[in-house]
Amino acid sequence: MLLELRIENLLLIERAELRLGRGLNAITGETGAGKTILAHSLDLILGGKARPQIVRPGADEAYVEGVFELPDGLLMDPELAEIAERLPEDASEIALGRRVGVSGRTSAFIQGRLASAEDLRALGSRVLAFYGQHEHRKLTLGSAQLETLDGFAGEKHLDTLRAYREAHGEVATVERALAEIRERQGARERDLDLLRYELSEIEAAGPDLAEESELAPERERLRHAESLRAAASAAVSAVSGSGEDGGGAVEAVAVAETSLSAQAGVDPTLDELAERARGLTVELQELAGELRHYAEAIEPEPGRLQQVEERLEVLDRLKRKHGGSTESVLAHAERCRTEIAQIDGAGELTDELEQRRAQATSARAELAARLSEKRLKAARKLEKRVAEELEQLAMSGARLEIRLEPHPGGFGPNGQERVEFLVATNPGLPVSPLREAASGGELSRVMLALAGQGARAGASTFVFDEIDAGVGGNTARAVGERLRALGEDRQVLCITHLPQVASLAETHFRIEKRIERGQALADVARVKGDDLVSEIVRMMGADREDKTAKKHAKQLLEAA
């Protein structure tokens, strides 16, 4: 149930706090006093759109918050899993809030934490059902009529409906997958040819990261072989001399070493320098040998440069086609193998999908048949129940007829039939679709007769915004009795202008408009005792001091 409703700076209301009770709660006030502001505040915390210019003049923003008693098991609903994660496990109450700025921008809150309007709609629709004059149109929609019938059929039926929707969704998913396969069938061979060609090209080339790192330096050596050989030969001559004449660095250092060695043992410092000279002689001899070997080995085999150039060109061409690097070429080859395997396996996938579709189709058909059977039985019971309710709402002889018609597509998201409510508002009249047959007042009473006929697990708070419009006298009393009866196992909020309805409320709030510093403001307060009698008198259209009206008001309240 809705425990508290707080409103700040919304249209005429500067600040209001309503502590609501169980059973029937009435909200009354003069025309134009702002009763519909309460309806709009509830619409906001249920995720509805903010109307233009709803922030009270002079204020920066409006804020609305509703604190609800959390029904057992509500957060077990899979559709509310993300919301449940944000709440304490032992939460017994939940606060839904909405802030509206002067610019019209809104922000939503659940338990004081930022949320989305969609979150409010998902959660709010499970704790509160809103009926207003604008909501009358809802009953004329086929989807809402089917929802009402399914709710009346009970929880087991709703479980079957959930299972049907899963099976219907599975059929749709599989059929989309099969359609995609069929659409690709024409391009399948072309795809395979291209993939196989690209894969064979890569596999024939056999790109290798290590090979590429070796080929590039080899190409440079082959391109400059003559200059490299000449440089090595000149270096050999400089180090070891040329021809029989000897000479070169080796011979010069050897002469120096011999000269120093002649004075060995005289001065340790000179002995050390002599040792270094011997080391240089050996190192120069080794250098000369390596240079000579390099010069002899630099002679390439005929045609090797061309082979290297051609190999690198093959690898470069693959890199240009497939990503710019050897790594990307190898990755593309792997993708080709995967896609080829997938396309080649399309036949097996089709068989698997066909089998899944057959199973889901069979399950859907079986569940649809169960839904149809239960709906047909529930429709007859609901017709009888609504006729009894309408009898009490001064529509004696009125009757509701529920027709189940085949779904044009064979199967829809909710079964294999569509539902239409037809009504005859007077005895002897033929039934007509609800949207055509009922006037505003009659449609209000039909809606009231249907309210609460669904599964008890639905919303625990019903809000009626002047649903009693267009009725009076004994009919008004009957409407009030029906509202109070609804309040026996649900909380009911009714924004009303009828004393017959307000007198039956267990909790009563009055909205009064006043002018302060040239600005209209509305106050909301709970009324009881003598104030309640005065409010009933006002609603009767009498002067507050009218003794007869007071007596009548007290009689209405005592009769409740």
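Residues numbered from 1 in each chain as written. Predicted model: local features only at pLDDT ≥ 70, side-chain atom pairs only at ≥ 80, totals over all residues. Heavy atoms only, no water.

*Asks:* Help me understand the overall build of the chain, please; the structure alone is not making it clear to me.
*Replies:* A tally of regular secondary structure across the chain gives 19 helices and 15 strands. Counting all 560 residues of the chain, 44% fall into the buried class. For the chain, the accessible surface area stands at approximately 29,800 Å², while carbon and sulfur atoms represent 49% of it. (Helix = DSSP H or I, 4+ residues; strand = E, 2+ residues; numbered from the N terminus. Buried < 20%, exposed > 50% of the residue type's maximum accessible area, 1.4 Å probe, protein only. Areas by Shrake-Rupley, 256 points an atom, 1.4 Å probe, with all protein chains shown as cover.)

*Asks:* Even after reading the chapter, I still don't get the nonpolar core, so can you show me in this structure?
*Replies:* When a protein is soluble and globular, its nonpolar side chains tend to lie buried together. Membership of the largest hydrophobic core comes to 51 residues, with the highest contact counts inside it found for Leu 382, Ile 402, Phe 421, Leu 448, Phe 464 and Leu 483. In terms of nonpolar packing, the next biggest core, distinct from the first, is built from 46 residues, Ala 59, Leu 74, Ile 83 and Ala 108 among them. (Core = buried A, V, L, I, M, F, W, Y, C linked by side-chain atoms within 4.5 Å.)

*Asks:* Help me understand the side chain of His 322 in this model?
*Replies:* Secondary-structure assignment places His 322 in the loop between α11 (304-321) and α12 (326-344). Look at His 322 and you get buried, because its relative accessible area is 9%. Apart from residues no more than four positions distant in its own chain, His 322 is found in contact with Glu 198, Glu 201, Ile 202, Ser 328, Val 329 and His 332. (Contact = heavy atoms within 4.5 Å.)

*Asks:* Which parts of the structure should I look at to understand the confidence of the model for the chain?
*Replies:* Low pLDDT marks stretches whose predicted atomic positions should not be read closely. Taken over all residues, the pLDDT of the chain has a mean of 81, while the share at 70 or more is 87%. Predicted confidence in the chain is weakest over helix α4 (residues 136-139), with a mean pLDDT of 56, and strongest over strand β9 (residues 399-406), with 91. (pLDDT = per-residue confidence, 0-100.)

*Asks:* How should I be thinking about the packing of aromatic side chains in this particular structure?
*Replies:* The geometry of an aromatic ring pair is captured by the separation of the ring centres together with the interplanar angle, meaning the angle of the planes. By the definition in use, this model includes one aromatic pair. Look at Phe 462 and Phe 464: their rings are 6.3 Å apart centre to centre, the planes differ by 75°, and that puts the pair in the edge-to-face class. (Phe/Tyr/Trp six-rings, centres within 6.5 Å; stacked < 30°, edge-to-face > 60°.)

*Asks:* Would you explain the pattern of salt bridges in this entry?
*Replies:* Opposite charge on two side chains lets them pair, provided their charged atoms get close. A full pass over the atoms with the stated rule returns 32 salt bridges. In this structure, the salt-bridge partner of Arg 99 is Glu 61, at a minimum N-O distance of 2.7 Å. Taken together, the residues span a long stretch of sequence, with Arg 99 in strand β5 (residues 93-101) and Glu 61 in strand β4 (residues 61-69) at a distance of 38 residues. As a salt-bridge pair, Arg 375 and Asp 150 come within 2.8 Å of each other at their nearest N and O atoms. (Salt bridge = Lys/Arg side-chain N within 4 Å of Asp/Glu carboxyl O.)

*Asks:* Can you help me understand empty space enclosed by the protein in this one?
*Replies:* If you roll a probe as big as a water molecule over the atoms, it shows you where there is empty space left. One pass over the full model with this rule turns up one cavity of 30 Å³ or more. Approximately 40 Å³ is the volume found for the largest cavity. In terms of lining residues, the largest cavity is bounded by Leu 5, Leu 18, Leu 20, Ile 27, Leu 38, Leu 42, Val 463, Leu 493 and Ile 495. (1 Å grid on protein atoms, 1.4 Å probe; cavity = no way out; pocket = protein on both sides within 12 Å on 5 of 7 lines; lining within 4 Å. Points joined across faces, edges and corners; volume = space filled by probe spheres on them.)

*Asks:* Before we go on, may I ask you to explain the environment of Ala 277 in this structure?
*Replies:* As for its position among the elements, Ala 277 is in helix α10 (residues 268-297). Expressed as a C-alpha distance, the spacing of Ala 277 and Glu 257, which sit 20 residues apart in the sequence, is 5.2 Å. The residues touching Ala 277, leaving out its near neighbours within four places in the chain, are Val 253, Glu 257 and Leu 260.

*Asks:* What is the right way to read the pairing of strand β13 (residues 491-495) from this model?
*Replies:* Consecutive side chains along a regular strand alternate between the two faces of the sheet. Counting buried positions along β13 yields five of five residues, so the element is predominantly enclosed. Judged by which residues are buried, β13 turns out to be covered on both faces: Gln 491, Leu 493 and Ile 495 on one side and Val 492 and Cys 494 on the other are all buried. Where strand β12 (residues 461-465) lies against β13, five bridges are found, and the strand directions are parallel. Within the sheet, the bridge partner assigned to Phe 464 lies in β13 and is Cys 494. (Pairing = 2+ DSSP bridges.)

*Asks:* When you look at unusual backbone geometry in this model, what are you seeing that I'm missing?
*Replies:* Trans peptide bonds make up the majority, and among non-glycine residues the majority have a negative phi. The backbone of Asn 9 sits at a positive phi, close to 55°, despite the residue not being glycine. Positive phi is not limited to glycine here, since Gln 111 has a value of about 55°. With respect to the helices and strands, Gln 111 occurs in the loop between β6 (106-110) and β7 (113-115).

*Asks:* Whenever I open this one, α11 confuses me. Can you help?
*Replies:* Along an α-helix, a turn takes 3.6 residues, which lines up residues three or four apart on a common side. Along its 18 residues, α11 runs 26 Å from first to last C-alpha, staying within 8% of the 26 Å computed at 1.5 Å per residue. Of all the positions in α11, only Val 308, Leu 312, Leu 315, Leu 318 and Lys 319 are classed as buried. Along the axis of α11, the buried residues cluster in a sector spanning 120°; they form a single face. Opposite the buried face of α11, at more than 90 degrees from it, the exposed residues are Gln 306 and Arg 320. (Expected span 1.5 Å × (residues − 1). Arc of directions from axis to C-beta.)

*Asks:* I'm lost on the packing of helix α18 (residues 530-539) against helix α19 (residues 547-559) in this one. Help?
*Replies:* How two helices pack is summed up by the angle between their axes together with the distance between the axes. Where α18 meets α19, the axes come as close as 9 Å, and the angle between the chain directions of the two elements is 110°. With respect to each other, α18 and α19 are oriented roughly perpendicular. Between α18 and α19 the crossing geometry is right-handed. In this structure, α18 uses Leu 532, Val 533, Ile 536 and Val 537 to contact α19, whose residues at the interface are Ala 549, Lys 550, Ala 553, Lys 554, Leu 556 and Leu 557. (Axes fitted to C-alpha atoms, helices over the stretch in contact; angles between N-to-C directions. Parallel < 35°, antiparallel > 145°, perpendicular 65-115°, else oblique. Left-handed = near helix turned anticlockwise from the far one by under 90°.)

*Asks:* Please clarify how helix α9 (residues 248-261) should be interpreted in this entry.
*Replies:* For α9, built from 14 residues, the straight-helix expectation of 20 Å at 1.5 Å per residue is met to within 8% by its first-to-last C-alpha distance of 20 Å. Residues of α9 that are buried: Val 250, Val 253 and Glu 257. Projection of α9 onto a plane perpendicular to its axis shows the buried side chains occupying an angular sector of 75°, all on one side. Turned more than 90 degrees away from the buried face of α9, the exposed residues are Val 255, Thr 258 and Ser 259.

*Asks:* I tried to follow the sheet that holds strand β10 (residues 417-424) on my own but got confused; where do I start?
*Replies:* Strand pairing in a sheet is mediated by backbone hydrogen bonds. Such pairs are either parallel or antiparallel. The strand order across the open sheet built from three strands is β9-β10-β11, with neighbouring strands paired in antiparallel fashion. Each end of this open sheet is capped by a strand with a single partner; those strands are β9 and β11 (432-433). Relative to β11, β10 runs antiparallel, the two sharing two bridges. Looking at the pairing, Leu 422 lines up with Pro 433 of β11.

*Asks:* Please clarify how the side chain of Asn 25 should be interpreted in this entry.
*Replies:* In this structure, Asn 25 sits in strand β3 (residues 24-29). Within polar-contact distance, the side chain of Asn 25 engages the backbone oxygen of Gly 21 at 2.9 Å. With residues up to four places along the chain from it excluded, the contact list for Asn 25 reads Leu 20, Gln 491, Val 492, Leu 493, Cys 494, Ala 505, Thr 507 and Phe 509. (Polar contact = N/O pair within 3.5 Å; in protein donor to acceptor, adjacent residues only side chain to side chain.)

*Asks:* How do you make sense of the environment of Glu 339 when you look at a structure like this?
*Replies:* Checked against the element boundaries, Glu 339 lands in helix α12. Its relative accessible area of 36% is what places Glu 339 among the partly exposed residues.

*Asks:* When you look at the environment of Leu 400 in this model, what are you seeing that I'm missing?
*Replies:* Structurally, the position occupied by Leu 400 is in strand β9. Judged by its relative accessible area of 5%, Leu 400 falls in the buried class. Distance in space between the C-alpha atoms of Leu 400 and Ala 424 is 6.6 Å, their sequence separation being 24 residues. Other than its neighbours up to four places away in sequence, Leu 400 contacts Glu 383, Val 386, Phe 421, Leu 422 and Leu 450.

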